[in-house]
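# Architecture and fold: a report
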Amino acid sequence: MEIYSKQQVIGDQIGLGTSQKMHINGKDNPVKSDDPVKPFAEVLFNAVDQVNQLQIESNNLEEQWIVAPDEVDIHQVMIASEKARLSVSFMKTIVEKAMKAYNDIMMIR
Amino acid sequence: MGTFSVLNIAGSGLTAQRLQIDVISNNIANANSVRTTDGGPYQRQVVIMSPIDNSLTFKSHLLPDALKKGIGQGVKVVEIKKDEKPPRMVYDPTHPDAVQSGKWKGYVMYPNVNIVEEMVNMISANRAYEANVNLVNSARQMFEKALTLGR
């Protein structure tokens, strides 16, 4: 049933609709990740990169707000900085969890 | 739809309401402008909004349910239209722009702007803006709550 790529679908309905049994009338139709064996380091680097991208966006908007206030709305600046802040705290939480798992394994004696 | 879709959608709402307020303030500022470059009095402007929809346009009942369009992506302003209501006629024969002849001789055409109506629209746009700000804040609170999972 993989006729359409997931990129074509807007909304997270398709993810829910095909991954959870209770949403597809109890039928078994598991969604397989495109590449289930991506190394964690790569995932982390990608995440850090995206977080950095959000920081840059926020920075640019703030700069524009100062240089040319007519071209940008203040709420855009606030939302961009909020996105940047939230993404950093997401990343921090994930890294903390990973480090905790690593430490837990190292503590096995 | 990503993690920050709420923020994007609410942001589009904020932008639209900002524009609405801009247009309303222009209407109020021009409530007494009897002369424009197009001739005639200033005409009230109305903002037309519509949902942003850049998803698949191909529609077929053969598509599986899962491919139906998800929630939208916010709001956009499609047009700023002129209100075609007739102008307000005020009798003032000494005014330089008074009508010279005919049934409306001595009357001046004032813009079809009703200040009270504009004020009500302004309050409504203000509240809509506030609602979108609240949406952003509650989304942020949800994200932060999610981060405390398992602590």
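Here's a quick rundown of the structure. This structure is a prediction, so every number in the text was calculated from the model and none was measured.

## Some words on the pattern of salt bridges
Residues and elements named next belong to chain B.
- By the definition in use, this model includes 15 salt bridges over all chains.
- A salt bridge links Asp22 to Arg18; its shortest N-O distance comes to 3.5 Å. Separated by four residues within a single helix, Asp22 and Arg18 lie in helix H1 (residues 5–29), roughly one turn from each other.
- You can call Asp22 partly exposed: its relative accessible area is 36%.
- When its relative accessible area of 30% is taken as the criterion, Arg18 is described as partly exposed.
- A salt bridge links Glu117 to Arg44; the shortest N-O distance between them is 3.5 Å. Of this pair, Glu117 sits in helix H2 (residues 115–147) while Arg44 sits in the loop between H1 and strand E1 (45–51), placing them 73 residues apart in sequence.
- Put simply, Arg44, Asp83, Lys85, Glu117 and Glu118 are held in one network by salt bridges that share partners.

## A closer look at the packing of helix H3 (residues 74–106) of chain A against H2(B)
- At a closest axis distance of 10 Å, the pairing of H3(A) and H2(B) adopts a crossing angle of 10 degrees. Comparing their axes, H2(B) and H3(A) come out roughly parallel. Between H3(A) and H2(B), the residues in contact are A:His75, A:Ile79, A:Glu82, A:Arg85, A:Leu86, A:Ser89, A:Phe90 and A:Thr93 and B:Tyr129, B:Val136, B:Arg140, B:Phe143, B:Glu144 and B:Leu147, respectively.
- Tallied by class, residues from the contact of H3(A) with H2(B) come to seven nonpolar, three polar and four charged.

## Some points on H3(A)
- Between its terminal C-alpha atoms H3(A) stretches 48 Å, which fits the 48 Å expected from 33 residues at 1.5 Å a residue.
- Within H3(A) the residues assigned to the buried category are A:His75, A:Val77, A:Ile79, A:Ala80, A:Glu82, A:Lys83, A:Ala84, A:Leu86, A:Ser87 and A:Thr93.
- Looking at the buried side of H3(A), the elements it contacts are helix H2 (40–67) of chain A together with H1 and H2 of chain B.

## Quick word on the side chain of B:His95
Residue and element names in this part refer to chain B.
- Inspection of the secondary structure puts His95 in the loop between strand E3 (88–91) and strand E4 (107–110).
- Judged by its relative accessible area of 18%, His95 falls in the buried class.
- A distance of 2.9 Å separates a polar side-chain atom of His95 from the backbone nitrogen of Asp97.
- Leaving out residues up to four positions away in the same chain, His95 has contacts with Val34, Val108 and Tyr110.

The rules we used
- Residues numbered from 1 in each chain as written.
- Chains lettered and ligands numbered in written order.
- Predicted model: local features only at pLDDT ≥ 70, side-chain atom pairs only at ≥ 80, totals over all residues.
- Heavy atoms only, no water.
- Salt bridge = Lys/Arg side-chain N within 4 Å of Asp/Glu carboxyl O.
- Helix = DSSP H or I, 4+ residues; strand = E, 2+ residues; numbered from the N terminus.
- Buried < 20%, exposed > 50% of the residue type's maximum accessible area, 1.4 Å probe, protein only.
- Axes fitted to C-alpha atoms, helices over the stretch in contact; angles between N-to-C directions.
- Parallel < 35°, antiparallel > 145°, perpendicular 65-115°, else oblique.
- Contact = heavy atoms within 4.5 Å.
- Nonpolar A, V, L, I, M, F, W, Y, C, P; charged D, E, K, R; others polar.
- Expected span 1.5 Å × (residues − 1).
- Polar contact = N/O pair within 3.5 Å; in protein donor to acceptor, adjacent residues only side chain to side chain.

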